[in-house]
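Below are the chains, spelled out letter by letter.
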Amino acid sequence: MKPDSIILDIDGTLWDSTPVVAEAWNNVIETTSDLTFRFTPEALTQLFGHPMYEIADLTFSYLPAQERYALMDRCCDEEHAYLLASRRELLYPQVADTVRELSREYRLFIVSNCQCGYIELFLEKTGLGGCITDFECPGNTGLGKGANIRLVMERNRLLRPVYVGDIEGDRAAAKEAGIPFCHASYGFGRVEDPDFVIRKFSDLTTLFSD
């Protein structure tokens, strides 16, 4: 059955911000701590998809909780500044045009495991705000991705949404929310038994065609 709406992940699905984020986070570590640890873009592809404080737990487990969470907060603040200033092309090919095309046929939403302000930054940076009906993240609600998908579904009265993401955690969140999952196979992870697969983002324009 054709969906009535599409809910989108960001990182690994709409864009790859890992080179810029690695630079921003490393600057914070270098200038505000004595740590020798540094992030790489490749390492971030394995961490993105986890909530921010979970990333802190995974990366800085040797620091006291209050200290590692404060460090992650500083990293996120710096990340926003770096992303806004960056001139890199962060979007995957044809994402902007495809989102605009899809918005003429479907209601579009974003649910991402990110901090407050990240989705707003993405929409400002890309100019796609007018295409997105609603969005949610754990930074706003404190909820996991599956619960946030359900929240968006309930407050927008969605009947047949599909969730598009790139990692196994996205598939699990869609299953928790009781909706089909579409794997963006060009992204950061492999997924077992998705309901749909796209090899490039523009495939969404024909995936559900009759």
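Attention in this report is confined to the structure presented alongside it. (Residues numbered from 1 in each chain as written. Predicted model: local features only at pLDDT ≥ 70, side-chain atom pairs only at ≥ 80, totals over all residues. Heavy atoms only, no water.)

1. Considering the overall build of the protein
Threshold: Starting at the N terminus, helices and strands are each numbered in turn, a helix being any DSSP run of H or I of at least four residues and a strand any DSSP run of E of at least two. Radius of gyration: over C-alpha atoms. The globule rule applied is 2.2 Å multiplied by the number of residues raised to the 0.38 power. Exposure categories follow from relative accessible area, calculated using a 1.4 Å probe and restricted to protein chains: below 20% of the type maximum is buried, above 50% is exposed, and the middle band is partly exposed. Any two residues having at least one pair of non-hydrogen atoms within 4.5 Å are treated as being in contact. All accessibility values rest on the Shrake-Rupley procedure with a 1.4 Å probe; residue burial counts only the protein chains present in the view. This count recognises Lys and Arg as positive and Asp and Glu as negative, with His and chain-terminal groups excluded. Just so you know, the charge point we use is NZ for Lys, CZ for Arg, CG for Asp and CD for Glu.
Along the backbone of the protein there are ten helices and six strands. In terms of overall size, the protein behaves like a compact globule, its C-alpha atoms giving a radius of gyration of 17 Å where 210 residues would be expected to give roughly 17 Å. Considering only C-alpha atoms, the protein reaches an extent of 60 × 35 × 30 Å along its principal axes. Going through the 210 residues of the protein one by one, you find that 50% of them count as buried. In the protein, the share of contacts with a sequence separation of at least 24, taken over all contacts with a separation of at least 6, comes to 62%. In the structure as shown, the protein presents an accessible area of about 10100 Å², 48% of it carried by carbon and sulfur atoms. One finds the centroid of the 20 positive side-chain charges in the protein at a distance of 5 Å from the centroid of its 33 negative side-chain charges.

2. Here we look at the packing of aromatic side chains
Cut-off, in case you're wondering: Paired rings are identified among Phe, Tyr and Trp, the last through its six-membered ring, by centres lying within 6.5 Å, and are further divided according to the angle between planes into stacked (under 30 degrees), edge-to-face (over 60) and tilted (the rest).
A complete count under the given rule lists 13 aromatic pairs for this structure. Plain terms: the ring middles of W25 and F39 are 5.0 Å apart, the flat faces sit at 75° to each other, and that makes the pair edge-to-face. One end of the pair, W25, is in helix α1 (residues 18–32); the other, F39, is in the loop between α1 and α2 (41–47), and 14 residues separate them in sequence. Among the aromatic residues, ring-to-ring pairing joins W25, F37, F39, F48, F60, Y62 and F188 into one connected group.

3. Description of empty space enclosed by the protein
Keep this limit in mind: The distinction between a cavity and a pocket rests on a 1 Å grid over the protein atoms alone: a 1.4 Å probe fits inside a cavity but cannot get out, while a pocket stays open yet meets protein on both sides within 12 Å along at least five of seven lines, and a residue with an atom within 4 Å of a point counts as lining. Grid points are joined across faces, edges and corners, and a volume is the space filled by probe spheres set on the points.
Within this structure, the stated rule accounts for one cavity of 30 Å³ or more. Along its surface, the largest cavity is lined by 18 residues, and D11, F48, G49, S112 and N113 are the ones closest to its centre.

4. Let's talk about the pairing of strand β1 (residues 5–8)
Heads up, the rule is: Should DSSP find at least two bridges between two strands, the strands are taken to pair.
Residue alternation in β1 divides its side chains into two sets, S5 and I7 and I6 and L8, and both sets are buried. Here β1 pairs with strand β2 (residues 107–111) via four bridges, running parallel. Bridge pairing in β2 links S5 to R107. Direction of pairing for β1 relative to strand β4 (residues 161–165): parallel, over a ladder of four bridges. Residue pairing for β4: I6 is matched across the bridge by V162.

5. Description of the packing of helix α3 (residues 52–59) against helix α4 (residues 65–85)
A packed helix pair is summarised by two numbers, namely the angle formed by the two axes and the spacing between the axes. Definition in use: The axes used here are C-alpha line fits, helices contributing only the stretch in contact, and every angle between their N-to-C directions lies in the interval 0 to 180 degrees. Throughout this description, any angle smaller than 35 degrees is read as roughly parallel, any larger than 145 degrees as roughly antiparallel, any in the 65 to 115 degree range as roughly perpendicular, and the remainder as oblique. Crossing chirality is assigned from the near helix's rotation relative to the far helix, an anticlockwise turn below a right angle marking it left-handed and a clockwise turn marking it right-handed. When residue character is reported, Ala, Val, Leu, Ile, Met, Phe, Trp, Tyr, Cys and Pro are called nonpolar, Asp, Glu, Lys and Arg charged, and the others, Gly included, polar.
Direction vectors running N to C along α3 and α4 enclose 120°, while the axes themselves pass 9 Å from each other. With respect to their mutual orientation, α3 and α4 come out oblique. Judged by the sense of rotation from one axis to the other, the crossing of α3 with α4 is right-handed. Seen from α3, the contacting residues are M52, Y53, I55, A56 and D57; seen from α4, they are R68, Y69, M72, D73 and C76. Of the residues in the contact of α3 with α4, the class split is seven nonpolar, no polar and three charged.

6. Here we look at unusual backbone geometry
The phi dihedral of Q94 falls on the positive side, at around 70°, and the residue is not glycine. Mapped onto the secondary structure, Q94 falls in the loop between α4 and α5 (95–103). At D193, a residue that is not glycine, the phi angle is positive and equals roughly 55°. Counting through the fold element by element, D193 comes out in the loop between β5 (181–184) and β6 (196–198).

7. Considering helix α9 (residues 168–177)
Put simply, the rule is: The directions considered for the arc run from the helix axis to the C-beta atoms.
Taken as a whole, α9 has its buried residues at D170, A173, A174 and A177. Taken end-on, α9 shows its buried residues confined to a sector of 100°, consistent with a single buried face. Summarising the geometry of α9, the exposed residues directed more than 90 degrees from the buried face are K175 and E176. Looking at the buried residues of α9, the elements they touch are α8 (145–155), β4 and β5. Once α9 finishes, G178 follows within two positions and takes phi at roughly 80°, a positive value.

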